[in-house]
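# Structure at a glance
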Amino acid sequence: MQEFKSLKDIPEQDYFTGGSSACAGCGPSLGLKLALKVLGPETIIINSAGCMTLLPLYPNTPLKASWIHNAIENAASTAAGARHGLDVLGNGDMNVVVYAGDGATYDIGFASLSAAAAKNERIIYICYNNQSYGNTGFQWSTATPYGSETKTTPRGKENPTGNTAVNKDMLKIMGAHRVYAATASLAYPVDFLNKLGRAKERDGFSYIELLGACTAGWNYDPRLTIKISKLAVRCGMWPLYEIEHGMLNLNKDFSELKPVDEFLKMQGRYRALPPDGVERLQALINEHWAELKEYNKQRYV
Amino acid sequence: MKQTLVTGNEAAAWGARLARANYIPNFPITPQTECIETLARWSSDGELPGTFFDRMESEHSVMSAAVGAAAVGSRVFTATSSQGLLLMHEVLYIAAGMRLPIVMATISRGLSAPVTLWSDHNDFLDQRDSGWLMFHAENNQEVLDMVLQAYRIAEDPQVLLPAMVNMDGYVLSFTDEPINIPSPEQVAEFLPGYDPAHTIAKNRPVTVGPPVLDEYSIFRAQNHVASRNALAVIEELQDDFEKIFGRRYHLVDEFMLEDAELVLVTQGSMSTTAKAAILEMRDEGIKVGLLRLRVIRPWPNEAVAGALKDAKAIAVIDRNVAPGKGGIMFPEIIETLYNLDRRPLVSGFVVGLGGNPQTENKIKEITHKLEEDLAAGRPRMEWNDLEGI
């Protein structure tokens, strides 16, 4: 596949048209719109229950590709069935792509995902990570970052921090499955689509995790989706890297990270996070960034 | 006709093989294991061309993968038991709602807790409202025949629903019986390749399983109508089946009902034992017969009512229990008879849970109790399994 060099190379053709029911400024919908530019119409999107489930609403759909919504915890298994179902009927050239939220990926669907990865099924699994159960109104998942308020980790007198747990290191876990695993950002579409293009060529399982900025849950002005996405990368909240054959490759290196405070203050979910909470979150980010720098171009998992 | 000794598990595997299932997702659970091990061996030996045998990490994923493969037009087979069937429960409704003609052998085993490995029908009947077609075999020949018929019924354009073929764990699953295994040519004549009109295909993008607003009950109604349509399809295919295989089945299995005053209603393998007991009781002059339920969903109202309407008293023998209520099929039989001009007396007996054996003596005991009920004009609902425990 020809790698994209700049935004100008990205195809204008869309397979995600107008008329969807997603929020204005919805990061995950934009991610799918971009992804379909590379994947094309001979693609089956396997969706797990979440915000994106509402894109098609009978009898309409904004998508010019096929779509299966099964339940919340079984997108990877459904995809494995679709993959083999197609292959055995001689339709192996169709793409099978999971588009699932972080709750469906990190939590309830993890067994299904892990098995599909361990079997190296020829599937592209895109997790759109909005760091919460977004469609039910923004509740905690194991992808929720430390210090984020959610509806089930509200700040209060007893707990001023909000979420006191540290989010799961999913990239490392997926990298340890010896599959291709990468992070991606809406603010770096060329990087995202090149990763997707490489995944499409692979004869095996690929896991791409896209930070899916959520205007309603993160509580920010819908115009800022790309700006927030970019800041997440620049401050090390969402570093761009990939793991292949256990080797780490840091895609966007910076000599210095911006302070996380800049990212936090743009979003309602971090409003009123006490200074010691901000400090702890900054320390977690620094620690992860140092680890990525240390293992860059080396065996990571 | 050549007879081969096979277990119920192997008979189901033969059904899948002869039906040329394209995709077999699976996860092991006792007593289903031998069924998928048989298919695994055939797959490794290259005896299942055009079939992908897929090991999954849970039954939930098995049914999810079955949905994925059926949604792209593959013929799918799988098998499970007990807790595995319960773990699938969520996705069973989805498969039915998507109108995917998956066929699954269920090998009945009692549910936890406490743990039992032996058979009763609570796992199977727990899926009663899932929208699946539900068939229950009496013996290993019927297991194989039912799998073949299940595909033809499930894939009928008037039906398009998934189907379960149930057999009793151990009693059938691990017991050799002589059966006729038809030739691939015979089966191909009865069951052509699956040619789906509505599934995802190249150049045919389809949305499967989207949300709906006001139309929800229309889709549920369609599922119901499709299930009812299966009744006629089941009856209509028997001529073809008999012509090719020399065997014929009906919506219900009637045994010595012509002049029966007392009728036992049973399901599954205990029916064979009950039939033997009936032959002995007939020698004693007791006018007893048997109705075996083999099509559970769709419910064959007319066939059941027609078979039972002339009885004086009926014993519904349930190898299952709905705690706080009683046997599950007991009220279904009563409901079926309620609007008849003359209603027989109906007693209910819960028996054989967790594999507790149903001997001929126990069947005779139930029959004698039914005679008492008829004489007293008073039906009973009784747990018939507790003596001696």
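Residues numbered from 1 in each chain as written. Chains lettered and ligands numbered in written order. Predicted model: local features only at pLDDT ≥ 70, side-chain atom pairs only at ≥ 80, totals over all residues. Heavy atoms only, no water.

Moving on, we get to the overall build of chain A. A tally of helices and strands in chain A yields ten helices and eight strands. A globule of 301 residues ought to have a C-alpha radius of gyration of about 19 Å, and chain A, at 18 Å, matches this closely. Projected onto the principal axes, the alpha-carbon positions of chain A cover approximately 60 × 45 × 40 Å. Split into buried and exposed, the 301 residues of chain A put 59% on the buried side. Sequence-distant contacts, at least 24 apart, represent 70% of the contacts inside chain A between residues at least 6 apart. Accessible surface for chain A amounts to roughly 11600 Å². Of this, 53% is attributable to carbon and sulfur atoms. Counting 31 positive and 30 negative side-chain charges, chain A places the centres of these two groups 3 Å from one another. (Helix = DSSP H or I, 4+ residues; strand = E, 2+ residues; numbered from the N terminus. Rg over C-alpha atoms; globule rule 2.2 N^0.38 Å. Buried < 20%, exposed > 50% of the residue type's maximum accessible area, 1.4 Å probe, protein only. Contact = heavy atoms within 4.5 Å. Areas by Shrake-Rupley, 256 points an atom, 1.4 Å probe, with all protein chains shown as cover. Lys, Arg positive; Asp, Glu negative; His and termini not counted. Charge placed at Lys NZ, Arg CZ, Asp CG, Glu CD.)

Moving on, we come to the sheet that holds strand β13 (residues 295-297) of chain B. Residues and elements named next belong to chain B. Strand order in the open sheet formed by five strands is β4-β5-β7-β6-β13, and the pairing between neighbours is mixed. Taken across any chain shown, the strands that pair with only one partner, and hence form the sheet edges, are β4 (77-80) and β13. For this sheet, the mean angle separating the axes of adjacent strands, direction not counted, is 20°. Relative to strand β5 (residues 103-108), β4 runs parallel, the two being bridged by four bridges. Note that in β5 the partner of alanine 79 across the bridge is alanine 105. (Pairing = 2+ DSSP bridges. Axes fitted to C-alpha atoms, helices over the stretch in contact; angles between N-to-C directions.)

With that settled, consider unusual backbone geometry. Put simply, A:Tyr58 and A:Pro59 share a cis peptide bond, and its omega is 5°. Each neighbour pair has its own omega, and for B:Thr30 with B:Pro31 the value is 5°, a cis peptide bond. Relative to the assigned elements, B:Pro31 resides in the loop between β2 (23-26) and α2 (33-44). Of note in the backbone geometry, A:His245 takes a positive phi value of approximately 50° without being a glycine. Along the chain, A:His245 turns up in the loop between β7 (241-244) and β8 (247-250).

Bringing the side chain of B:Ser82 into the picture now. On the secondary structure map, B:Ser82 appears in helix α4 (residues 82-97). Look past the residues within four positions of B:Ser82 in its chain and what remains in contact with it is B:Ile29, B:Ile107, B:Arg109, B:Gly110, B:Leu111 and B:Asp123.

Facing the 36 residues of chain A at the interface are 40 residues of chain B. Together chain A and chain B conceal approximately 2800 Å² of surface at their shared face, both sides included; 62% is due to carbon and sulfur atoms. Counting across the chain A and chain B interface gives two salt bridges. A salt bridge links B:Lys202 to A:Asp93; its shortest N-O distance comes to 2.4 Å. Counting the contacts that link chain A with chain B gives 15 residue pairs in polar contact (both at pLDDT 80 or more). Elements with a minimum of two residues in the side of chain A that touches chain B: β2 (66-69), α2 (75-88) and α4 (110-118) of chain A. No other element matches α2(A), which puts nine residues into the side of chain A that touches chain B. Residues belonging to the side of chain A that touches chain B are distributed by class as follows: 17 nonpolar, 13 polar and six charged. Judged from the two bridges that link them, β2(A) and strand β9 (residues 207-208) of chain B form a sheet pairing that is parallel. Bridged to A:Trp67 within β9(B) is B:Thr207. (Buried area = accessible area lost by both parts, 1.4 Å probe. Salt bridge = Lys/Arg side-chain N within 4 Å of Asp/Glu carboxyl O. Polar contact = N/O pair within 3.5 Å; in protein donor to acceptor, adjacent residues only side chain to side chain. Nonpolar A, V, L, I, M, F, W, Y, C, P; charged D, E, K, R; others polar.)

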